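Residue-level listing of the chains:
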Amino acid sequence: MRAVYYPTSAKENAFQQIVQSGLEDGGYQIENLDTYIKGLGKDPIPVFFNWYDDVSHGNGFICLIKYLRNRVVISRVLARGGRIAYVVHNRQPHDSEGTVGFKLSIKLRKCLCLKASRVIVLCDKTRDVLRSQLGKDTYASIERKIVKVPHPTFTGAYGDSGRDYRAEFCIPDDSFLFVFSGLIRPYKGVEKVLDVAAKFLKLGYDADFLIAGKCSSKEYEQEIADRANRLGNVHVCFGFVENDDIGCLMKAADILIQPYDIKSSLNSGSCYLAFSFERTVICPEIGSTMEFAPELTYTYDYASDVEHREALIEAAVRAFTDWQTDKAGFTRKGHELKRLVDEDNSRELTAKRYCDVARACMAGEE
C-alpha cells in the first residue's frame, strides 16, 4: 500500500513524524507529492494534505501564484485518481486578516473541502469554523466527509539533553516559572506576556518568565529583547529550540503561557506538548483547549486587544495564586491532562485513525 503525506515529515515537526510513522506502521509506504503528480496514468492512492490551504504572503502576487500552483496540484492529484484527505489545522492563515492571501486561502479551503474524500478535523470547534466559512449549503454538502482525528500526544516524541534552563538563567527552583515557547510570531502575542511580567513586578509577585524560540524576523527579535531587558523577571532564549531540549524546557516550566490571536488560532501543538509533560496552560478558548474540562486549564475569552491583555493578566494571576495556595491541586491539573492525552490521543490510536481514513478514502465510504 502507498500514500502521499504532504508535507513529508520534517525532522523538527513531531506532529508530522507521529502521523507519518503511524501510516508507515500501518503498512503504507509514503510517497513524495511531486513524484506522484509527475507520474503517468491512473494511480489511486490516499493523498494527505496538511496546511495546503495557506497561501498567505506579504506580496499579493506571490499569494496568487501559490494559489494557482496549489489548484493545479489538486487537479493533477484528482486526474491521477488520488483520494484527498484534507487536514484542517488553523481557523485562517496567521497574521493575514484582510489580505489577498487571506481571501485566496479561504477560497482554496473551500476547494479542498469540496474535492476531498475526507476532511480531517483535530477538534470539534472546527466544524463550526467550516460551517461559517463555507456557508450553510456548502457545509451541508461536505459534512458527511468530516472525520475527527484528535491531535496526538507528544509523550515519547522528544529526547532529553539534560539542559537545565533554570540554572542557565539563574531562576530559583522555588520561583513560579511561566514559559512561552515556539516560533515567535505576532499572532502568538508575546508582547502581552511582557505586559503580564510588568504587572507581576508591580504586584510584587515572585515569578519568572522565560521566552524561548526563534523570532520571525531580526527586527521583531530586537523589539522583544529591548522590552524584556527592562524587566528583571523576564529571560529570553532566542533561536530554534532543539528537539532534545524541548522536554527540558517543559520540565523547567510550571505552566505554559500562549496568548494566541483567536482570529486565526484553532489548534495548538504547544498546548498538547504542555499536556504531554504534565503541564497546564494559559491560553484563549480555542479549539484545542475546548477539548478539555475548563477547570484543567486557565483559558479566557476576549473581544478586543485591550480585553485580551486584561484577561491574560487575570488568568496568569489566577494560575499563580492557585499554585501558591494549593500546589498539590495545581499539579493534579497537569497529571490529569497527561493521562487524558496519553489514553485518548496515543500514538497507537492516532496511527489507527489515520489508517482508517486512508482505507475509507480508497473504499469510497460515506
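Quick caveat, the model's predicted, so the values are computed rather than measured. (Residues numbered from 1 in each chain as written. Predicted model: local features only at pLDDT ≥ 70, side-chain atom pairs only at ≥ 80, totals over all residues. Heavy atoms only, no water.)

Brief notes about empty space enclosed by the protein
In step 1: Scanning the model with the defined rule gives one cavity of 30 Å³ or more in all.
In step 2: Considering only enclosed or pocket space, the largest cavity measures out at about 50 Å³ in volume.
In step 3: Looking at the largest cavity, the residues that line it are Trp 51, Asp 53, Asp 54, His 89, Asn 90, Gln 92, Pro 93 and Arg 109. (1 Å grid on protein atoms, 1.4 Å probe; cavity = no way out; pocket = protein on both sides within 12 Å on 5 of 7 lines; lining within 4 Å. Points joined across faces, edges and corners; volume = space filled by probe spheres on them.)

Examining unusual backbone geometry
Trans is the common state for peptide bonds, and a negative phi is the common state for residues other than glycine.
In step 1: Going from Tyr 6 to Pro 7, the amide bond is cis rather than trans, its omega being -5°.
In step 2: Although it is not a glycine, Cys 170 sits at a positive phi angle of roughly 55°.
In step 3: With respect to the helices and strands, Cys 170 occurs in the loop between helix 7 (165-168) and strand 7 (176-181).
In step 4: Looking at Cys 170, the relative accessible area reads 67%, which means it is exposed.
In step 5: A positive phi angle, near 65°, is found at Glu 278, a position not held by glycine.
In step 6: One can find Glu 278 in the loop between helix 11 (269-276) and strand 11 (280-284).
In step 7: Glu 278 sits in the partly exposed class, given a relative accessible area of 33%. (Helix = DSSP H or I, 4+ residues; strand = E, 2+ residues; numbered from the N terminus. Buried < 20%, exposed > 50% of the residue type's maximum accessible area, 1.4 Å probe, protein only.)

Considerations on the sheet that holds strand 6 (residues 146-148)
In any sheet, the strands associate via hydrogen bonds between backbone groups, in a parallel or an antiparallel arrangement.
In step 1: Spatially, the six strands line up as an open sheet ordered 2-1-3-4-5-6, and their pairing is parallel. Strands at the two margins of the open sheet, each flanked by one partner only, are strand 2 (29-31) and strand 6. For this sheet the average axis-to-axis angle between neighbouring strands, irrespective of direction, equals 30°.
In step 2: In terms of strand pairing, strand 1 (residues 2-6) meets strand 3 (residues 46-50) through three bridges, oriented parallel. In the strand pairing of strand 3, Val 4 is matched with Val 47.
In step 3: Along the sheet face, helix 4 (residues 100-115) touches strand 3, strand 4 (83-88) and strand 5 (118-121) and points at about 135° away from the line of strand 4. (Pairing = 2+ DSSP bridges. Axes fitted to C-alpha atoms, helices over the stretch in contact; angles between N-to-C directions. Contact = heavy atoms within 4.5 Å.)

What to know about the nonpolar core
Buried together is how nonpolar side chains tend to be arranged in soluble globular proteins.
In step 1: Grouped together as the largest cluster of nonpolar side chains are 36 residues, with contacts concentrated most on Tyr 165, Leu 210, Leu 249 and Phe 275.
In step 2: When contributions to this core are tallied by element, the ones reaching two or more residues are helix 1 (14-25), strand 7, strand 8 (207-213), helix 10 (243-252), helix 11, strand 11 and helix 13 (327-344).
In step 3: Those residues within four positions of Tyr 165 in sequence are excluded, and the remaining contacts are Leu 210, Cys 237, Val 241, Asp 245, Cys 248, Leu 249 and Ala 252.
In step 4: Among the nonpolar cores identified, the runner-up in size contains 35 residues, and Ile 184, Val 190, Val 196 and Tyr 220 belong to it. (Core = buried A, V, L, I, M, F, W, Y, C linked by side-chain atoms within 4.5 Å.)

That's the geometry; what it means functionally is another story.
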